Amino acid sequence: MTKAASIWRVLAQHSALPDDWREQLVQRLGERPRRVGLFAELSLFGATACLAQVGLKALPPQSLLRLASRSSCATATASALAQMADGAPQPFTFLQSQPGQSLAALSRCLRWQGDAAFLVDDALAMPASLACHEAEGRGLLLGWVNDLPVPESRWYWLRQSDDPALPAFDIGALRD
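Residues numbered from 1 in each chain as written. Predicted model: local features only at pLDDT ≥ 70, side-chain atom pairs only at ≥ 80, totals over all residues. Heavy atoms only, no water.

### Thoughts on the overall build of the protein chain
The criterion, for reference: Here a helix means four or more residues in a row that DSSP labels H or I, a strand means two or more in a row labelled E, and each is numbered from the N terminus. In this setup the radius of gyration rests on C-alpha atoms only. A globule is expected at 2.2 Å times the number of residues raised to 0.38. The buried label goes to any residue with under 20% of its type's maximum accessible area, the exposed label to any with over 50%, and the partly exposed label to all in between, with areas taken from a 1.4 Å probe on protein chains only. What makes two residues a contact is simply this: any of their non-hydrogen atoms within 4.5 Å. For the area figures, the Shrake-Rupley method with a 1.4 Å probe applies, and any residue is considered shielded solely by the protein chains shown. The charge count treats Lys and Arg as positive and Asp and Glu as negative. His and the chain ends do not count. In plain terms, the charge of a residue is placed at NZ if it is Lys, CZ if Arg, CG if Asp and CD if Glu.
Broken down by element type, the protein chain carries 6 helices and 5 strands. Taken from the N to the C terminus, the helices and strands of the protein chain come in the order β-α-α-β-α-α-α-β-α-β-β. At 17 Å, the protein chain has a C-alpha radius of gyration in line with the 16 Å of a compact globule built from 176 residues. With respect to the principal axes defined by its C-alpha atoms, the protein chain has extents near 60 × 35 × 30 Å. Here the protein chain holds 176 residues, and 43% of them are scored as buried. Contacts in the protein chain between residues far apart in sequence, at least 24 positions, make up 73% of those at least 6 positions apart. Total accessible area computed for the protein chain in this model is approximately 9100 Å², and 54% of it derives from carbon and sulfur atoms. Both charge centroids of the protein chain, one from 16 positive and one from 17 negative side chains, sit 6 Å from each other.

### What to know about the pairing of strand β5 (residues 152-160)
Test applied: By definition, two strands form a pair when at least two bridges between them are found by DSSP.
Among the 9 residues that make up β5, 7 are buried, leaving the element largely enclosed by the rest of the structure. When strand β1 (residues 8-14) meets β5, the two strands line up antiparallel, connected through 6 bridges. Bridging across to β5, H14 finds its partner in W155. The pairing of strand β4 (residues 140-146) with β5 spans 7 bridges and is antiparallel. Along β5, the bridge assignment pairs L140 with L158.

### Digging into the nonpolar core
Put simply, the test is: We define the nonpolar core as a collection of buried residues of types Ala, Val, Leu, Ile, Met, Phe, Trp, Tyr and Cys that are connected through side-chain atoms lying within 4.5 Å of one another.
With 26 residues, the main nonpolar core has L59, L65, L106, L141 and W155 as its most contacted residues. Listing elements by their share of this core, those giving two or more residues are α1 (21-29), α2 (38-52), β2 (64-69), α5 (99-109), β4 and β5. Among the elements that take part in this core, α2 stands out by supplying 8 residues, more than any other. When neighbours within four sequence positions are excluded, L106 is seen to be in contact with S43, L44, A47, L65, L67 and W155.

### Concerning α5
Within α5 the residues assigned to the buried category are P99, S102, L103, A105, L106, S107 and C109. At its buried positions, α5 is contacted by α1, α2, β2, β3 (115-120) and β5. In the segment just after α5, R111 is the residue with positive phi, at about 45 degrees.

### Observations regarding the pattern of salt bridges
A side chain with one charge can pair with a side chain of the opposite charge if their charged atoms come near. The line we're drawing: Basic side-chain nitrogens of Lys or Arg form a salt bridge, by our definition, when they fall within 4 Å of a carboxyl oxygen of Asp or Glu.
Applying the stated criterion across every chain yields a total of 5 salt bridges. As a salt-bridge pair, R22 and E41 come within 2.7 Å of each other at their nearest N and O atoms. Of this pair, R22 sits in helix α1 while E41 sits in helix α2, placing them 19 residues apart in sequence. Using a relative accessible area of 36% as the deciding quantity, one classes R22 as partly exposed. Residue classification places E41 among the buried positions, given a relative accessible area of 11%. Here the salt bridges do not stand alone but share partners, grouping R66, D115 and E134 into one network.

### Observations concerning the packing of aromatic side chains
Defined as follows: Each Phe, Tyr or Trp ring (for Trp, its six-membered ring) is paired with any other whose centre lies within 6.5 Å, and the angle between the two planes then decides the class: stacked below 30 degrees, edge-to-face above 60, tilted in between.
For the coordinates displayed, the defined rule picks out 3 aromatic pairs. Taken together, a centroid distance of 6.0 Å and an interplanar angle of 75 degrees make the contact between F39 and F118 edge-to-face. Of the two residues, F39 sits in helix α2 while F118 sits in strand β3, which places them 79 residues apart along the sequence.

### Remarks on the sheet that holds β2
To summarise the sheet geometry, strands pair through backbone hydrogen bonds and adopt either a parallel or an antiparallel arrangement. Where we set the bar: Every axis corresponds to a line fitted to the C-alpha atoms, with the helix fit spanning only the stretch in contact, and the corresponding angles, defined between N-to-C directions, vary from 0 to 180 degrees.
A sheet is described by the order of its strands in space; here 5 strands give the open sequence β1-β5-β4-β2-β3, paired in mixed fashion. Looking at strand neighbours, the two that pair on one side only are β1 and β3, the edges of this open sheet. Averaged over all pairs of adjacent strands, the angle between their axes in this sheet comes to 20 degrees, without regard to strand direction. Contacting β1, β2, β3, β4 and β5, helix α6 (residues 125-135) runs over the sheet at an angle of about 170 degrees to β2.

So this is what it looks like as structure tokens:
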């Protein structure tokens, strides 16, 4: 591989979270997501919006999926802890607090099976650097989702390319 081909390029990027994002997600999926929490819904919205920019409804088979967060699914975790303190049963709330539920929901929605991982870090730079290294030339769908303090869902569809018409992916710019 030439040095130019080792540059990660942004094929699509999505970070806007409009007021009606849940309605847009339902339209995109054809149904309301069930048995998932806010964190998974934010993940689904951002990932599908990012891939839709390049006309993809499914994630290509050899691609990697990496999801990162500063606080994981804090809303569902706080709700599960409150329910536990009240003595209430909590199976669905507890399951919604698991980041793996987001990866499973993304895999189903994107009709994809493959290498997926969840990382918690204060900024996206370290998870992005690790993901680019692990992808080894395959496509990479990289997301940064937080439900607190303000909901956000930032996604990048990346591939190594020597095409200068595509913007280079600047990991250094991801530092928060």
